Amino acid sequence: MTYAQRADQFRALHRAGEPLLLPNAWDHASAAALAHGGFPAIGTTSLGVAAAAGKADATGGTREETLHLARGLARLPALLTVDIEGGFSERPDEVAALAAELVRAGVVGVNIEDGRPDGTLTGTAQQCELIRAIKETVPDLFVNARTDTYWLGAGGAGETERRASAYRLAGADGLFVPGLQDEEAIGGLVAEVIDIPLNILYAPGALTYRRLAELGVRRVSSGSLLFRAALHAAVGTARSIARGGSVPEDLPSYADTQALSAAHGEGG
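Residues numbered from 1 in each chain as written. Predicted model: local features only at pLDDT ≥ 70, side-chain atom pairs only at ≥ 80, totals over all residues. Heavy atoms only, no water.

Give me the lowdown on helix α1 (residues 3-12), citing residues and values where you can.
Among the residues of α1, Y3, R6, A7 and F10 are the ones counted as buried. In a view along the axis of α1, the buried residues occupy a sector of 100°, so they form one face of it. Its buried side turned inward, α1 meets β1 (20-22), β3 (41-44), β4 (79-83), α5 (92-105), β6 (142-146) and β9 (219-221). (Buried < 20%, exposed > 50% of the residue type's maximum accessible area, 1.4 Å probe, protein only. Helix = DSSP H or I, 4+ residues; strand = E, 2+ residues; numbered from the N terminus. Arc of directions from axis to C-beta. Contact = heavy atoms within 4.5 Å.)

Requested: an account of the nonpolar core, with residues and values cited.
Membership of the largest hydrophobic core comes to 66 residues, with the highest contact counts inside it found for L175, I186 and L198. No other element matches the 6 residues that α5 contributes to this core. (Core = buried A, V, L, I, M, F, W, Y, C linked by side-chain atoms within 4.5 Å.)

Let's hear about unusual backbone geometry: which residues, and what values?
For E85, which is not glycine, the phi dihedral falls at a positive 50°. Note that E85 resides in the loop between β4 and α5. For F88, which is not a glycine, the phi torsion comes out positive at approximately 60°. Mapping F88 onto the fold places it in the loop between β4 and α5.

So what's going on with a nonpolar patch on the surface? Which residues, and what values?
A cluster of nonpolar residues, I241, V247 and L251, forms a patch on the protein surface that exposes about 270 Å² of accessible area. Secondary-structure assignment places V247 in the loop between α10 (225-242) and α11 (254-264). With relative accessibility at 34%, the residue V247 sits in the partly exposed group. (Patch = residues over 30% accessible without salt bridge, like charges linked within 9 Å, V, L, I, M, F, W, Y side chains within 5 Å. Areas by Shrake-Rupley, 256 points an atom, 1.4 Å probe, with all protein chains shown as cover. Salt bridge = Lys/Arg side-chain N within 4 Å of Asp/Glu carboxyl O.)

How would you summarise the pairing of β4 if you had to cite specific residues and measurements?
Counting buried positions over the 5 residues of β4 gives 5, a clear majority of the element. Side chains of β4 alternate between two faces, with L79, T81 and D83 and L80 and V82 buried alike. Here 3 bridges tie β3 to β4, and the two strands are oriented parallel to one another. Within β4, the position partnered with I42 by the bridge is L80. (Pairing = 2+ DSSP bridges.)

Put into structure tokens, the structure is as follows:
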């Protein structure tokens, strides 16, 4: 299958009524397990990648770790989209060069955000330059433009719609609004950006996958949730052992896990 065919396949997964459920991995083992679990597409989580490397998230310090991981994960039997934070640079040419490297590795999508480490938003015009540079360099790459207006409490629905329109005109293929769980606002955005998919971050105890589908959302991401759940499970299992408790009986075996590495490892 050619790169263009794989890119088209990824776009087709963003369906109304049956949104793409995108689990986010943080290393090779988690991605291989998700691919083996039957998920057709996998994303990366910048928090998980940064934390696994002992670095802070969203500070632009994990470009090389992200690129190295992407090169390995792109060999998996699943389509891959990569979280590149804010692009790891403010220069459009450098962000576009990174996108081109990811495409050469086989990555079909990127997620690029407008939130800054200091809690402010990148200027709309500047963010549009980054999006435009990526699309002009690698037009088949699916650019999911993330706006942190709700996460940072910066403008709400009005600012979100303004940025959505600008990012769409700059060439974005999808819009991601983490932190948004208001049904009316989601419905308004679906109507506003009807020609590109709306991506919502799943939040435990909030809107379900099915309800998001009913609202017209076409992509539901897990973000760092799986990474945080894995940490919680690891600590909980260790404590259970120390207290003489039980552990789940259906965990992957050593052989199962080794088989994933053998099938999709560095030599796979």
